[in-house]
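# Working through the structure, step by step
Next come the chains, spelled out residue by residue.
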Amino acid sequence: IPAGKQQDTTRYAALMAWSILQKHERALEAIAAALEEGAGLATCLEAAEAAEAGRDEAERAAADARAEALARETPQERAAREREEMAARGRS
């Protein structure tokens, strides 16, 4: 592999690893804690799955709360929120 291609591949792999660790931080922490306790592979996997299930539940609850808040907002509140969102995206 040419040096430039190898460097690109290494950078891409590092970015993917970092992205996965950011997305699954709770699972990583659960695995680390299980390993510190001397747990085996099956226990580590169970800990990771439990952590991810908790994350999924928290995300669902947050999405439900946001949907409920949006359903209760007045037309004026909706317009103000939409203006803020457009401004945050760089539109006016």
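In the block above lies the structure referred to throughout.
Here is what the cut-offs are and how they apply
- Residues numbered from 1 in each chain as written.
- Predicted model: local features only at pLDDT ≥ 70, side-chain atom pairs only at ≥ 80, totals over all residues.
- Heavy atoms only, no water.
- Helix = DSSP H or I, 4+ residues; strand = E, 2+ residues; numbered from the N terminus.
- Rg over C-alpha atoms; globule rule 2.2 N^0.38 Å.
- Buried < 20%, exposed > 50% of the residue type's maximum accessible area, 1.4 Å probe, protein only.
- Areas by Shrake-Rupley, 256 points an atom, 1.4 Å probe, with all protein chains shown as cover.
- Lys, Arg positive; Asp, Glu negative; His and termini not counted.
- Charge placed at Lys NZ, Arg CZ, Asp CG, Glu CD.

In this section: the overall build of the protein chain. Assigned secondary structure in the protein chain consists of four helices and zero strands. Its helices and strands taken in sequence order, the protein chain reads α-α-α-α from the N to the C terminus. For the protein chain, whose C-alpha radius of gyration is 21 Å, the value lies well above the compact-globule estimate of 12 Å for 92 residues. In terms of its C-alpha atoms, the protein chain occupies a principal-axis envelope of roughly 55 × 40 × 15 Å. Classification of the 92 residues of the protein chain by burial places 11% in the buried group. Surface summary for the protein chain: the accessible area is close to 7,500 Å², and the carbon and sulfur share equals 58%. Across the protein chain, the centroid of the 13 positively charged side chains sits 11 Å from that of the 18 negatively charged ones.

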